[in-house]
Amino acid sequence: MVLEGDVGSGLIAIGAGLAVGLTGLGAGMAEGDVGAAAVGAITEDMSLFGKSMIFVVLPETIVIFGLVIAIISIFVM
Amino acid sequence: MFSRSGKKGNYAYTVARVKAKKSHLLGEEDYNKMLQMSVPEISRYISESGYQKEMVDLAGRLEGIDLVEHATYVNMAKVFSSILSASQGELEVMVAAYLEKWDIWNLKVILRGKSYGLNTDAIMEDLVPAGRLGTESLEKLISLDATEDILANFGRMAKVNPQALLDAYRESGGNFGAIEDYLDKYYYARLIASIDPTSRPTKLFQEYVRKEIDVKNLETILKLKAEGIYGEDVMQYIIPGGKQIDKRLAVQLVNAETIEAAASDLSQLDFYETIRDLVESDSVSIRDVVTEMKKYEIAQAKKFSHLYPLSVVPVIDFMIHKELEVRNIRTVARGIESGLDKETIKGLLVI
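Residues numbered from 1 in each chain as written. Chains lettered and ligands numbered in written order. Predicted model: local features only at pLDDT ≥ 70, side-chain atom pairs only at ≥ 80, totals over all residues. Heavy atoms only, no water.

### Some remarks on the nonpolar core
All names here are of chain B. Here is the rule we go by: For the purposes of this section, nonpolar cores are sets of buried Ala, Val, Leu, Ile, Met, Phe, Trp, Tyr and Cys residues that join through side-chain atoms within 4.5 Å. A simple rule labels every residue: compare its accessible area, found with a 1.4 Å probe on the protein chains alone, to the largest value its type can have, and call it buried under 20%, exposed over 50%, or partly exposed in between. By the criteria applied, helices consist of DSSP H or I runs no shorter than four residues and strands consist of E runs no shorter than two, each listed in order from the N terminus. The contact definition used throughout considers only heavy atoms, calling two residues in contact when any of these lie within 4.5 Å.
Residues Met34, Phe80, Ile83, Tyr98, Phe154, Phe205 and Met319 are the most contacted members of the largest nonpolar core, which totals 93 residues. If you tally residues by element for this core, the top one is helix α5 (residues 89-115), at 13 residues. Beyond its immediate sequence surroundings of up to four residues, Tyr98 is in contact with Tyr187, Leu191, Phe205, Glu212, Ile316, Met319, Ile320 and Glu323.

Here you go:
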């Protein structure tokens, strides 16, 4: 197998991957608890569905931050 | 960070559920309204406050105060069972250990009911299947005739050592009082053992249980003193494991001949301030002292309920409040039924 490109580009690619991967992991852990709590609240009161959904997707913003960092790394740096 | 295995317990889910349930509990203003009502009006009021299904189910065969009492107990049993079935891991172990008191309550009702020759239906009506043992298991226990069979089967069902139960029963010479004391002591020993006090919330829970033991022991000591019983005889009724009333203090308290004589030893207790006026008054009302101690217990539970949102603490806090709500509804209904004045009934409520 022939490796192309320089070491710098490789490190940028690794950094971008880590940014998305680690934020995804963090968001997943947060969403686990928030989702469980949301399901618990909905079980008791169905009218809480809309509010719960907002809280469940909130941790997703962390992944967006990671994604932005990854895009900046790859296309700007 | 990654200690998120199933063994830890599903705190987020269970706590969200109990928080939602807690928001529906009755508040002080509800009790104030209920104090102005008659028993049928109270029935209607609680039907609109979360007890509707039970009230409708039981309305066909019960009425008045019996309907209120049974519907509240059935509702509480249902709520506690749903919490127990929702919880997992170490949370389930702690909740089950806490709810075991209802298994023990049911066993006591069955034993007493059998000894008075009540039929199955009459006994079933007084049971509160809020613990591990469901209606089927309890029906099976009621169908047994011999006390020893009931105890042995209960031991197997509730995972209590059946031999220890039978030994306690035989040693007491068939005295139900002795077996009831044994079960109470066993319940608290098992509850304390089920709590691993390595984390701050579980430590708080364990301390709460140990304070509850203190309150129960003090209640026993005061009640017996009021009857003129003191000294070593009382020690057999003391539940071990209290936080402040250890064996040394318990001996001092039981040896004091009167409540007044025990006052100086009582002053070592944290909650003495709350009962000081009642204990030092000329005529001590044990009922008032017990109510004040209950209020102290609740104040303690309230103090830590907000501290650790993802722990066993909010779950236990809700169960304490639910139990109190049922107790308060029954107190109001019973008080109104027997014509007590409103201020007296209000004094009996623990809010």
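Structure's up, so let's keep going.
### Here we look at the layout of surface pockets
Sizing a probe to match a water molecule and rolling it over the atoms shows the empty space that remains. Residues and elements named next belong to chain B. Note the following rule: Each cavity reported here is a set of points on a 1 Å grid over the protein atoms alone in which a 1.4 Å probe fits but cannot get out, each pocket an open set with protein on both sides within 12 Å along at least five of seven lines, and each lining residue one with an atom within 4 Å of a point. Grid points are joined across faces, edges and corners, and a volume is the space filled by probe spheres set on the points. Polarity classes work like this: nonpolar for Ala, Val, Leu, Ile, Met, Phe, Trp, Tyr, Cys and Pro, charged for Asp, Glu, Lys and Arg, and polar for all others, with Gly in that last group.
When its volume is computed, the largest pocket comes out at roughly 1,200 Å³. Lining the largest pocket are 33 residues, and of these Lys101, Trp105, Lys216, Lys294 and Glu323 sit closest to its centre. When contributions to the lining of the largest pocket are tallied by element, the ones reaching two or more residues are α4 (64-86), α5, α10 (176-194), α11 (200-226), α16 (286-305) and α17 (312-337). Among the elements that make up the lining of the largest pocket, the one with the highest residue count is α11 (7 residues). In terms of residue class, the lining of the largest pocket is made up of 18 nonpolar, 1 polar and 14 charged.

### So, helix α7 (residues 135-143) of chain B
Residue and element names in this part refer to chain B. Which entries qualify depends on this criterion: Note that the arc is computed from the directions linking the helix axis to the C-beta atoms.
Among the residues of α7, Leu138, Leu141 and Ile142 are the ones counted as buried. Along the axis of α7, the buried positions cluster into a sector of 100°, meaning they face one direction only. The outward face of α7, more than 90 degrees from its buried face, is lined by the exposed residues Glu136 and Ser143. Looking at the buried positions of α7, the neighbouring elements they touch are α5, α6 (120-125) and α8 (147-157).

### As for unusual backbone geometry
Residues and elements named next belong to chain B. One non-glycine residue, Lys159, lies in the positive phi region at around 55°. Tracing the backbone through its elements, the reader meets Lys159 in the loop between α8 and α9 (162-171). For Lys159, a relative accessible area of 62% gives the class exposed.

### Digging into the interface of chain A and chain B
Stated precisely, the cut-off is as follows: Note on definitions: buried area is the accessible-area loss of two parts on being combined, 1.4 Å probe, summed for both. What makes a salt bridge here is a side-chain nitrogen of Lys or Arg within 4 Å of a carboxyl oxygen of Asp or Glu, nothing more. Here a polar contact means two N or O atoms within 3.5 Å. Within protein one must be a hydrogen donor candidate and the other an acceptor candidate, and residues neighboring in sequence count only if both atoms are side-chain atoms.
At the interface, 9 residues of chain A touch 10 residues of chain B. Regarding the contact of chain A and chain B, the summed buried area is about 900 Å², with carbon and sulfur atoms giving 67% of it. If you sort the residues of chain A by the area they bury against chain B, Met29(A), Asp33(A) and Glu44(A) come out on top, with a joint share of 56%. Joining chain A to chain B, the criterion identifies 2 salt bridges. Between Arg17(B) and Glu44(A) there is a salt bridge, and its shortest N-O distance comes to 2.8 Å. The tally of links between chain A and chain B comes to 2 residue pairs in polar contact (both at pLDDT 80 or more). Grouping the amino acids of the side of chain A that touches chain B by side-chain chemistry returns 5 nonpolar, 2 polar and 2 charged.

### Here's the deal with helix α1 (residues 11-22) of chain B
It helps to recall that an α-helix has 3.6 residues per turn; residues three or four apart then point in one direction. What counts is decided by this rule: Any helix carries an expected span of 1.5 Å times its number of residues minus one.
If you check α1(B), its first and last C-alpha atoms are 16 Å apart, about what 12 residues at 1.5 Å a residue would give, namely 16 Å. Burial runs high along α1(B): 10 of the 12 residues are buried. Buried within α1(B) are the following residues: Tyr11(B), Ala12(B), Tyr13(B), Thr14(B), Val15(B), Ala16(B), Arg17(B), Val18(B), Ala20(B) and Lys21(B). In the core, the buried residues of α1(B) are packed alongside α1 (7-44) of chain A together with α4, α5 and α17 of chain B.

### Focus on the pattern of salt bridges
By the definition in use, this model includes 20 salt bridges over all chains. Where Asp57(B) meets Lys53(B), a salt bridge forms, and the shortest distance between an N and an O atom there is 3.0 Å. Of the two residues, Asp57(B) and Lys53(B) are both situated in helix α3 (residues 39-59); the distance of 4 residues between them amounts to about one turn of the helix. Using a relative accessible area of 48% as the deciding quantity, one classes Asp57(B) as partly exposed. Note on Lys53(B): relative accessible area 52%, which makes it exposed. Residues Arg112(B) and Glu180(B) are paired through a salt bridge, measuring 2.9 Å at the closest nitrogen-oxygen approach. Of the two residues, Arg112(B) is situated in helix α5 and Glu180(B) in helix α10; the sequence distance between them amounts to 68 residues. Overall, Arg112(B) belongs to the partly exposed group, its relative accessible area being 30%. Beyond isolated ion pairs, a larger network of salt bridges with shared partners links Glu44(A), Arg17(B) and Lys21(B).

### A few points about the side chain of Thr147(B)
Mapped onto the elements, Thr147(B) comes out in helix α8. Setting aside residues up to four positions removed in sequence, Thr147(B) forms contacts with Leu111(B), Tyr169(B) and Phe176(B).

### Considering the packing of α9(B) against α10(B)
Angle between the axes and distance between the axes are the two parameters that describe a pair of packed helices. All names here are of chain B. Heads up, the condition is: Axis definition: a line fitted to C-alpha atoms, limited for helices to the stretch in contact. Angles are taken between N-to-C directions and run from 0 to 180 degrees. Take the far helix as your reference; a near helix turned counterclockwise from it by less than a right angle gives a left-handed crossing, and one turned clockwise gives a right-handed crossing.
Running from amino to carboxyl end, α9 crosses α10 at an angle of 145°, the nearest separation of the two axes being 8 Å. Along this stretch, α9 crosses α10, giving a crossing that reads as right-handed. In this structure, α9 uses Ala164, Leu165, Ala168 and Tyr169 to contact α10, whose residues at the interface are Phe176, Ile179, Tyr182 and Leu183. Of the residues belonging to the contact of α9 with α10, the class tally is 8 nonpolar, no polar and no charged.

### Description of the packing of α11(B) against α16(B)
All names here are of chain B. This is how it is decided: Angles are sorted into four bins: roughly parallel if under 35 degrees, roughly antiparallel if over 145, roughly perpendicular if 65 to 115, and oblique for all others.
Where α11 meets α16, the closest approach of the two axes is 10 Å, and the angle between their N-to-C directions is 175°. Relative to α16, α11 is oriented roughly antiparallel. When α11 is examined against α16, the residues Leu204, Tyr208, Lys211, Glu212, Val215, Leu218, Glu219, Leu222, Lys223 and Ala226 are found in contact with a partner set consisting of Ile286, Val289, Val290, Met293, Tyr296, Glu297, Gln300, Ala301 and Phe304. Among the residues making up the contact of α11 with α16, the classes are represented as 13 nonpolar, 1 polar and 5 charged.

### Structural notes on the packing of aromatic side chains
All names here are of chain B. For clarity, the threshold we go by: To pair, rings of Phe, Tyr and Trp, with the six-membered ring standing in for Trp, must have centres within 6.5 Å; the planes then decide the type, stacked if under 30 degrees apart, edge-to-face if over 60, and tilted in the middle.
Here the structure, examined in full by the defined rule, presents 7 aromatic pairs over all chains. Note on Tyr73 and Trp105: the rings are 6.1 Å apart at their centroids and 70° apart in plane angle, and the pair reads as edge-to-face. Of this pair, Tyr73 sits in helix α4 while Trp105 is found in helix α5, placing the two residues 32 residues apart along the sequence. The exposure class of Trp105 is partly exposed, given its relative accessible area of 33%. Aromatic ring contacts, followed pair by pair, group Tyr73, Trp102 and Trp105 into a single cluster.

These values are about where atoms sit, not about what they do.
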